[in-house]
Amino acid sequence: MGTKRKYHAYRADSSDDQDQNFAHSRMVWLTADRRRQLTMPISPMKLQPTGMQNDEPTAFFADDWEPTLDIEAGWSEDERGEHDSQEIIDKPSTKRYTNSDAPLREWMGYDGRVGYREEFLLEDLRLEGRGGAGLLCSCKRLDENNHPIPSLFRCEECFGRDIVCQECCLDHHKRLPLHVIKKWNGQYFERTSLKDIGLRVQLGHLDMTCPCPVRGHIEFIVLHVNGIHHVNVDFCACDQRISHRQQLMRCDWFPSTVHQPQTACTRRLLEHFLLLTWSSKVSAFEFYQTLEHLTDNTGVSVPKSRYTAFMRMVREYRHILLLKRGGRGHVENGIANVRQGELAVHCPACPHPGINLPRGWETVEPSLKFLYYLIIAMDANFRLKNRTRSSDLADPGMHTGLAYFVATKPYSAHVLQFASQKDVSTCSGFSALAHAESKFSNGLRATGVGLCICARHEFVRPKGVGDLQKGERFCNMDFIFFSTIIPLLLLNVVISYDIACQWKINLLDRMTKLPENMHIPVAVATTSFMFGIPKFHASAHDDGCSIPHSLNLMPGVGRTDGEGVERNWSEMNRVANSTKEMGPGARHDTLDDHFGHHNWRKFVGLGLLLRKRLLIAVKERDRQQAAFQEFNLAVGTSYENQWTAMVESWEADKTQPNPFTNKERGVSEADVRAHFAEQDKAAATAGRFHHHNMSPSVFIAWGLSLEDSQRRLRFEIINGTLSSYQQAELQRRRTTLLKQIHRFRSVQAIYMVDLEILLEQDDDGSLVEAENTILLLPSSISAAIRTSTCRDDITCIEEKLRDAQCHDCLHKLRNALRARVHLIKHRNRETRGQRANTRAASIISRLDGKIKMLAEKYRTAHECLIALRGHGSWEGELRPLNAHDVRGPSEDVRSLENPSDIIGSNGRKRTKKQLAAASRRLGQGFMQVSWIWTSVGVLGDDDNAGLNDALRVEWAKACARALRWNEEVLLLKEEMRRTRTFLEWKARWWENRAKFAVDDRLLSEGIAAYAFRQAALQRRLSISFLQLWSTSLTTQDHTSQPNVDEDEDVVIHDEAYDDAEDDLED
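Residues take numbers from 1 onward in each chain, read along the sequence in its written order. In view of the model being predicted, local features appear only for residues whose pLDDT reaches at least 70, and side-chain atom pairs are presented and counted only at 80 or more, with totals across whole chains, interfaces and linings using the full set of residues. In computing side-chain properties, one takes all heavy atoms of the structure into account and sets aside hydrogens as well as water.

Chemist: Talk me through the environment of Lys-800; I want residue IDs and the actual numbers.
Modeler: Relative to the assigned elements, Lys-800 resides in helix α28 (residues 794-830). Between the alpha carbons of Lys-800 and Val-672 there is a distance of 7.3 Å; along the sequence they are 128 residues apart. Each helix corresponds to a stretch of at least 4 residues labelled H or I by DSSP, and each strand to a stretch of at least 2 residues labelled E; elements are numbered beginning at the N terminus.

Below, the structure is given as structure tokens:
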């Protein structure tokens, strides 16, 4: 028997519930040699109530059950054992149980069943009374009249809800002074406090007794997670006394002032608030308001507000935590000698010279230098504004310049030199509009912040944040950039910035105006800096700057998209409302705190992130390299060598001919969008605004983008059978698209009045999938309704965008058809054999899919133009696109065939009749050139030159994709190595800090304990990451790894980096 046979056995246990039994299941199977049995317990399954079971009771095994009793197993009588007479119950079919599949329905009740709501309600009401507690306390104490003392007090925090007498309550809470106490008044429990019933808290002694106590303030307040408490505090005043603030801190109460404190906050509350505000971005005001509601939700007996004191304690505690985690308590004069940026959480996967880079990394061969690039991303955010509140003198930042924000004084002095500098001008339309909006800066100290992060792992860089006083100006971004890279001068730096094409101009000249400690040798900067544009932003730039700065085409960056800074803004914008009204110091401290938490979450999540990326990268690298190899076989060696030399020449010198572009004429859709963006900018500058923050042109462009998403989704559904995974992915994409359409509707209602009426008219009550939802753009409604419905000239905007869309589609369609013609010619003349023909057919098939998509997009745009313009002379240039119009340049597809070729254009062997027709050139007299090759933008092109030009562009892009994915795999493996090395270095760093000793023995113990705990944390992370990565490295990719000397953290690269790597296992 070749497979393991599995059996399920069940045992019914008695239950107190007469209506239900529980079946406990165990799965048993035999090993391949049939010598051992393996058992695995399965969670209990609840059976049907006895009233619903069959009349015949089901038999179950006792504890001495035999797993091999199965008449179909074919075993001998001896092998079956001694339990032949017992019955084995086959595994029942999968059933659905309401209590596990729909627990809320079970709780509510269904099909006439009562449910459990009343039971829960009554049990909750039971707790309002005394329950089963006796009238007298269990201590059996007697009062002064020799009567038993009644039990009247109940603690809401202690387990069990016991009711005790006053003395017992005080005894139990001697070390629990912040519990909530209620007293039975004969009718109900009313809130009281431990202070009211006589509890006094003695500080300064572990046994809570002092020979010389001093009473604290009569209104001493302690803030805790369960509310605001009045506490009777006694400070120590004996010979062993220390300051009142120290006595409070040594019992985990954080004082609000350093002299005669009257308010304290528990460490637990501070930790709770920080975790809550980091995760949910709740403000301190809302949190304090919650504490007041916990104390008294009516607001009648709430203590006098300590909100100001609470804010002060939060800021101080944040600062202390930052210093503590930075190890400043583990060195002599640690606070006074802290360096700028030292308190930030650093990215362990980025290169750090002297820490996680191998020895000799500077002299590594040129093909591997990209492994040690520092890739950063920059951007500005205009949501994090700050009103003119307080001042730097009244509200100084506690650690501004020591973590993420740049130091205030040198930064302000530098910016003041450029008070008249204008906003950055860019070729990016939507960025220009955003900058125009930032000009309204009246009453603002800061219009936003500039930020610098590591682009691959999205850690905020030390000294990588600065306030923007008036838009996104060069002087601000220059200071932030040079501040964060100064410690890393030895590295090559790739800068991803949405306006890098303009920012880099004269950058080195502007550097000379920065403080002297930020100057970099010009020769170093010229050879070390590389500039890119984030991938999402690149489409808004002209080809003249988007292609030379494209991260898809830049060697050495892998699959870095440069958009991580935008993802960071989505998180940080949630604190914009609370920080907008803060003073300068409080705002910097708060944002520094949130940046630190952001970096820490990235730090601990780095293992999963790199593993996930590597699994994707290995698969995609193999796929892209295979596709590129097929492409090379299709184009031939001569073209491959010629185009390779062209790509290498352009990468070395951007003034050389660009292999990624070809000759293009006419106005593109991107040109029209940029034109509208400039108009929006001019209108905003002049103070003319639209009905919505989103301009009409952006609104229409959004609708066209949704239309493209629908088209792609429909095309993928129609073409091919979907697997289960693809079906799940399809539903996810449908949900995402539906959400986008709902957001689109909210803006559409502004620009199209009576939208709801139009939607109701189109709604027939049937379920419509997201890809088939009608967007109701102006072109889809009648002219009469359009005139009364559409506002802000959106009809004219759509008309211009549709016109440009038609020209774009024709241009891309011609390029794709040229490439298809070349591939068919090459296949017919050069390709022989099933394997080679299959390869060629695969490439042509993918290209055919792209052609069909472009043709469909053109037809949609053309129909919309007719609806908007009506028929007219413009149709002489943009004609209807029929199926027979979509064919190769200047000739019918049949003319591409060599009459002597046995294989036809469809890749199949031609019949005798087809060969004879081809030899006679049958049909040549009736052939007409497709109009797409005679329209504006094509005339004057040489067919062969245009064909090679289009094919070269596709080849160069395929080459870049294959190279980038290969770089991504190598980068990820190097980042994994760097991360482990950094964690081990950090663990040793903390262990060295544990050696710091002071005169106070107990303090030295605490210093060492914290250092050892941090070292252990770093090693736990390292082990956890290694376990995650070992699976992905050993089972998913057989690439040879660099040899690592664990003792010296040195990586010796072997030849595997240059060799082709094995295919990914299924």
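Let's pick the thread back up.
Chemist: How would you summarise the packing of aromatic side chains if you had to cite specific residues and measurements?
Modeler: Centres within 6.5 Å are what make two rings of Phe, Tyr or Trp a pair, Trp counting through its six-membered ring; a difference in plane orientation under 30 degrees is then read as stacked, over 60 as edge-to-face, and the rest as tilted. Scanning all chains against the criterion turns up 33 aromatic pairs. With a centroid separation of 5.6 Å and 85° between ring planes, the pair formed by Trp-990 and Tyr-1010 is classed as edge-to-face. Of the two residues, Trp-990 is situated in helix α31 (residues 943-993) and Tyr-1010 in helix α32 (residues 1001-1035); the sequence distance between them amounts to 20 residues. Residue Trp-990 shares its accessibility class with Tyr-1010, and that shared class is buried. Pairwise contacts between aromatic rings join Phe-273, Phe-285, Phe-287, Tyr-288, Tyr-307 and Phe-310 into one cluster. Two conditions define a charge sitting above a ring: the NZ of Lys or the CZ of Arg must be within 6 Å of the ring centre, and it must be within 35 degrees of the ring normal. If you follow Arg-154 out to its NZ or CZ, it ends over the ring of Phe-189, 4.0 Å from the centre. Relative accessibility under 20% of the residue-type maximum defines a buried residue, over 50% an exposed one, and the middle range a partly exposed one, all with a 1.4 Å probe and only protein chains included.

Chemist: Can you lay out the pattern of salt bridges for me, pointing to particular residues and giving the numbers?
Modeler: Within this document, salt bridges are pairs made up of a side-chain nitrogen of Lys or Arg and a carboxyl oxygen of Asp or Glu, the two lying within 4 Å of each other. Summed over all chains, the structure comprises 43 salt bridges. Here Asp-561 and Arg-567 are joined by a salt bridge, their closest N and O atoms 3.4 Å apart. Overall, the relative accessible area of 22% leaves Asp-561 in the partly exposed class. Among the residues examined, Arg-567 registers a relative accessible area of 38% and is labelled partly exposed. A salt bridge links Arg-802 to Glu-707; the nearest nitrogen and oxygen atoms lie 2.7 Å apart. With Arg-802 in helix α28 and Glu-707 in helix α24 (residues 696-718), this residue pair connects regions lying 95 residues apart in the sequence. Pair check on accessibility: Arg-802 and Glu-707 agree, each one buried.

Chemist: So what about unusual backbone geometry? Which residues, and what values?
Modeler: Trans is the prevailing form of peptide bonds, just as negative phi is the prevailing case for residues other than glycine. Positive phi is not limited to glycine here, since Asp-111 has a value of about 50°. Along the chain, Asp-111 falls in the loop between α3 (103-108) and α4 (117-126). What makes Asp-111 exposed here is its relative accessible area of 67%.

Chemist: Which residues make up the side chain of Asp-379, and what are the values?
Modeler: Within the secondary structure layout, Asp-379 lies in strand β15 (residues 374-381). In this tally, Asp and Glu contribute negative charge and Lys and Arg positive charge; neither His nor the terminal groups of the chain are included. Buried within the structure, Asp-379 lacks any salt-bridge partner; its nearest side chain of opposite charge belongs to Arg-567, at an N-O separation of 11 Å. N or O atoms closer than or at 3.5 Å make up a polar contact, with two conditions inside protein: a donor-capable atom paired with an acceptor-capable one, and, for residues adjacent in sequence, both atoms drawn from side chains. A distance of 3.1 Å separates a polar atom in the side chain of Asp-379 from a polar atom in the side chain of Trp-569. When sequence neighbours within four positions are dropped, the list of residues in contact with Asp-379 reads Val-449, Gly-450, Leu-451, Met-477, Tyr-497, Asp-498, Val-565, Glu-566 and Trp-569. Every residue pair with non-hydrogen atoms within 4.5 Å of one another is taken to be in contact.

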